[in-house]
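# A look at the structure
Here are the chains, one letter per residue:
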There are 2 protein chains.
Amino acid sequence: MERAIIEGVMKLLEEGVPLAELSIERIARTAGVGKAAIYRRWSGKEELFVDVVRAAEPPDAELPGTSMRDDLVVLLESLRQRGLLSRSSAILHNVHAQMKSSPKVWTAYHNLVVAPRRRLGVEVLRRGQRNGELREDVDVELLNDLFVGPMLLRSVMRPDADLPDGLSEQIVDTLLEGLRPVSSPPP
Amino acid sequence: MERAIIEGVMKLLEEGVPLAELSIERIARTAGVGKAAIYRRWSGKEELFVDVVRAAEPPDAELPGTSMRDDLVVLLESLRQRGLLSRSSAILHNVHAQMKSSPKVWTAYHNLVVAPRRRLGVEVLRRGQRNGELREDVDVELLNDLFVGPMLLRSVMRPDADLPDGLSEQIVDTLLEGLRPVSSPPP
């Protein structure tokens, strides 16, 4: 039932129906269910639409937990995969664009998807500070932006930018090492 | 004359006229000039609108040229100042939102403003690689994203994020030093 409703919304979006014209009534008709069935599961159009976006995006990856470095690579890699998919998938691209033009949907997406992902990233960094992998003299929220910012710039803000294999590892390792030239080892 | 035309567009935007409804004719009427005067200076609405955005934004800063580090701080500082202004200025905020919803204007803004700024940043980094301030084993385009990404994440993508004084210096210096804990000096 839930799947049929989500696919109904996707079908309407693929047909080019703008988000603003997607009423619960029209979704119910397309999915072949009653309006009550939709309201039993979702409190409104915004929450339903966030689940549609989630279904279109690749699922969040499991963290390996072997090290902060490995967990960060997996977190950045899922941003890279989402970027690649939104370049190749017309539906996902369209869904993201529609979302940004609707402040209510954007807020729901932010609260239900973006904020929990960010909290997870900050938690990984805190573990890294505790186990000695990450410096402790910089605010963990800023550290998160230093790791995530470059990947979001490439995947979201610069839709024409390269997202090559190995980019996640390169970002994490380069940031850990620092951008100053590596001094030659002492003789 | 040019100033009157740009102020005419700003006045219409402040009144809440959407970009899509801003015709050259209406702009000419508001500014009290003829349409020909507008077309003598701008090839179309898109180029004119980019100049309106430029007039609303703080001007690009002069690079001190004392070191790559100092130039980078100035480049990030101008992104921070633009972020602060778009939080406090309803016009600028509105202008940015309108721009993003119009692919033609966004492309013009990208070609005339964003791309030259990016080229300048890459040039600063190349100088840093030549004079030994920046590692040479990482692609300069990626290095640019590492410095600029965190500030854009804060200033553009997270409009509720903090943009405190000193943030530009902190980003540049933290990235140069690296995110690994600083090892204790040899005895």
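Just above, that's the structure.
This is a predicted model, so every value here is computed, not measured.

### Some thoughts on the side chain of T174 of chain A
- For T174 of chain A, the position within the fold is in helix α9 (residues 167-177).
- At a separation of 2.5 Å, a polar atom in the side chain of T174 of chain A contacts the main-chain carbonyl oxygen of Q170 of chain A.
- Residues in contact with T174 of chain A, not counting those within four places in the same chain, are L179 of chain A together with R135, V138 and L146 of chain B.

### As for the interface of chain B and chain A
- At the interface, 32 residues of chain B touch 32 residues of chain A.
- Taken together, the two surfaces of chain B and chain A that pack against each other cover about 3,200 Å², and 64% of this comes from carbon and sulfur.
- At the boundary of chain B and chain A, one finds 6 salt bridges.
- D145 of chain A is the partner of R158 of chain B in a salt bridge, and the nearest nitrogen-oxygen pair spans 3.0 Å.
- Our count for the chain B to chain A interface comes out at 16 residue pairs in polar contact (both at pLDDT 80 or more).
- Contributing elements (two or more residues each) for the side of chain B that touches chain A: α8 (140-157) and α9 (167-177) of chain B.

### Structural notes on the relation of the copies chain B and chain A
- When chain B is fitted onto chain A, the two copies agree to an RMSD of 0.0 Å after a turn of 180° and an axial shift of 0.0 Å. Those values place the two copies in the arrangement expected of a two-fold rotation axis. No C-alpha of chain B lies nearer the rotation axis than that of G178 of chain B, which sits 1.6 Å from it.
- When you check the interface residues of chain B against chain A, 100% turn up at the interface there too, and the contact is symmetric in its surfaces.

### Details of the environment of L134 of chain A
- Within the secondary structure layout, L134 of chain A lies in the loop between α7 (103-130) and α8 (140-157).
- Remark: the alpha-carbon pair of L134 of chain A and M68 of chain A, spanning 66 residues in sequence, is separated by 8.3 Å.
- When neighbours within four sequence positions are excluded, L134 of chain A is seen to be in contact with M68, L125, G128, Q129, L143, F147 and L176 of chain A together with L179 and P181 of chain B.

### As for the nonpolar core
- Counting 54 residues, the largest nonpolar core has F147 of chain A together with F147 of chain B as the members making the most contacts within it.
- Contributing elements (two or more residues each) for this core: α5 (68-88), α7, α8 and α9 of chain A together with α5 (68-88), α7 (103-130), α8 and α9 of chain B.
- Residues contacting F147 of chain B, with those up to four places away along its chain left out, are L179 of chain A together with L72, L76, L125, L134, I171, V172, L175 and L176 of chain B.

### So, the packing of helix α4 (residues 45-56) of chain A against helix α6 (residues 90-100) of chain A
All names here are of chain A.
- Put simply, α4 and α6 touch, their axes get as near as 10 Å, and they point 150° apart. If you check the angle between α4 and α6, you find them roughly antiparallel. Helix-helix and strand crossings are classified by hand; for α4 and α6 the assignment is left-handed. On α6, the residues that touch F49, V53 and A56 of α4 are L92, V95, H96, Q98 and M99.
- When the residues that make up the contact of α4 with α6 are grouped by side-chain class, the tally is 6 nonpolar, 2 polar and no charged.

### Some remarks on the packing of α6 of chain A against α7 of chain A
All names here are of chain A.
- Relative to each other, α6 and α7 sit at 110°, their axes nearing to 6 Å. Our classification of the angle between α6 and α7 gives roughly perpendicular. Packed against α6, whose contacting residues are H96, M99 and K100, the element α7 presents V105, W106 and Y109 at the interface.
- Considered class by class, the residues forming the contact of α6 with α7 number 4 nonpolar, 1 polar and 1 charged.

Criteria and cut-off values
- Residues numbered from 1 in each chain as written.
- Chains lettered and ligands numbered in written order.
- Predicted model: local features only at pLDDT ≥ 70, side-chain atom pairs only at ≥ 80, totals over all residues.
- Heavy atoms only, no water.
- Helix = DSSP H or I, 4+ residues; strand = E, 2+ residues; numbered from the N terminus.
- Polar contact = N/O pair within 3.5 Å; in protein donor to acceptor, adjacent residues only side chain to side chain.
- Contact = heavy atoms within 4.5 Å.
- Buried area = accessible area lost by both parts, 1.4 Å probe.
- Salt bridge = Lys/Arg side-chain N within 4 Å of Asp/Glu carboxyl O.
- Least-squares fit on C-alpha atoms with pLDDT ≥ 70 in both.
- Core = buried A, V, L, I, M, F, W, Y, C linked by side-chain atoms within 4.5 Å.
- Buried < 20%, exposed > 50% of the residue type's maximum accessible area, 1.4 Å probe, protein only.
- Axes fitted to C-alpha atoms, helices over the stretch in contact; angles between N-to-C directions.
- Parallel < 35°, antiparallel > 145°, perpendicular 65-115°, else oblique.
- Left-handed = near helix turned anticlockwise from the far one by under 90°.
- Nonpolar A, V, L, I, M, F, W, Y, C, P; charged D, E, K, R; others polar.

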